[in-house]
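Okay, here's what each chain looks like letter by letter:
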Amino acid sequence: MKEKIASKEALLLYFSSKNCVVCSVLKPKIKKEIRDNFTKIDLYEIKSDENLAISSHFGVFQAPTILFYLDGKEFLREGRNISISAFLNTIKRPYEMFYGE
């Protein structure tokens, strides 16, 4: 995963788990918004309950958790009670500055 972060300009890691009701509702909405409005962000889902070592490495101990990276550096970390509109507004400005959109 470190290689992916280093090789991508904009990357979003979505940590979920199979028994997380919030994850199942939130994930499709986040995916759609990223696909429709932030086309240069690569989105990866990591199932925390199946990848404990990866989750632990990133300090993720609850689901859902979203990590947003720009140019290989963590820019934003959101967990559990995530407002989609607030999240999108937070990443919009740096995304537009980074890509000039």
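Definitions and limits used
- Sequence order sets the numbering: in each chain, residues are counted from 1 along the sequence as written.
- Side-chain atom pairs in this predicted model are given and counted only at pLDDT of 80 or more, local residue features only at pLDDT of at least 70, and totals for whole chains, interfaces and linings cover all residues.
- Note that water and hydrogens are dropped before the side-chain values are worked out from all heavy atoms of the structure.
- The term salt bridge refers to a side-chain nitrogen of Lys or Arg lying within 4 Å of a carboxyl oxygen of Asp or Glu.
- Throughout, exposure labels follow a simple rule: accessible area from a 1.4 Å probe, protein chains only, divided by the maximum for the residue type, with under 20% read as buried, over 50% as exposed, and the rest as partly exposed.
- Comment: elements are numbered from the N terminus, with helices defined as DSSP H or I runs of at least four residues and strands as E runs of at least two.
- Centres within 6.5 Å make a pair out of two Phe, Tyr or Trp rings, where for Trp the six-membered ring is used; the pair is then stacked when the planes are under 30 degrees apart, edge-to-face when over 60, and tilted otherwise.
- Here the rule is simple: two strands pair whenever DSSP picks up at least two bridges between them.
- Working convention: axes come from line fits to C-alpha atoms, limited for helices to the stretch in contact. Angles between N-to-C directions cover 0 to 180 degrees.
- Note on contacts: a residue pair qualifies if any of its non-hydrogen atoms lie within 4.5 Å across the two residues.

Engineer: I keep staring at the pattern of salt bridges and nothing clicks. Help me out?
Structural biologist: Any two side chains of opposite charge can pair, so long as their charged atoms come close to each other. Applying the stated criterion across every chain, the model contains seven salt bridges. The residue lysine 47 makes a salt bridge to glutamate 45 at a minimum N-O spacing of 3.4 Å. The partly exposed category is assigned to glutamate 45, whose relative accessible area is 31%. We note a salt bridge from lysine 92 to glutamate 96, for which the minimum N-O separation is 4.0 Å. Within this pair, lysine 92 and its partner glutamate 96 are both found in helix H4 (residues 84-99), separated by four residues, close to a single helical turn. Taking relative accessible area as the criterion, lysine 92 reaches 40% and is therefore assigned partly exposed. Taken together, the shared-partner salt bridges connect Lys27, Glu45 and Lys47 into one network.

Engineer: How should I be thinking about the packing of aromatic side chains in this particular structure?
Structural biologist: Describing an aromatic ring pair means giving the distance of the ring centres and the angle of the ring planes. Taken as a whole, this structure holds five aromatic pairs when the rule is applied. The interplanar angle of 80° and the centroid separation of 5.1 Å between the aromatic rings of phenylalanine 98 and tyrosine 99 together place this pair among those described as edge-to-face. Feature note: the residues Phe38, Tyr95, Phe98 and Tyr99 constitute an aromatic cluster, connected by ring pairs.

Engineer: Can you help me understand unusual backbone geometry in this one?
Structural biologist: Of the consecutive residues alanine 63 and proline 64, the connecting peptide bond is found in the cis state with omega at -5°. Among the secondary structure elements, proline 64 is positioned in the loop between helix H3 (52-57) and strand E3 (65-70). One non-glycine residue, aspartate 71, adopts positive backbone phi at about 55°.

Engineer: What exactly am I supposed to notice about the sheet that holds strand E4 (residues 73-79) here?
Structural biologist: For sheets, the rule is that strands pair by backbone hydrogen bonds, running either parallel or antiparallel. Ordered by their spatial adjacency, four strands build an open sheet running E2-E1-E3-E4, and the pairing between neighbours is mixed. Of all strands in the sheet, those with a lone pairing partner are strand E2 (42-47) and E4, marking the two edges. With strand direction ignored, the average angle separating the axes of adjacent strands in the sheet is 20°. Looking at chain direction, strand E1 (residues 10-16) and E2 are connected through six bridges and run parallel. Counted as the bridge partner of leucine 13 is tyrosine 44 from E2. Taken strand by strand, H4 contacts E1, E3 and E4, and its axis lies near 165° from that of E4.

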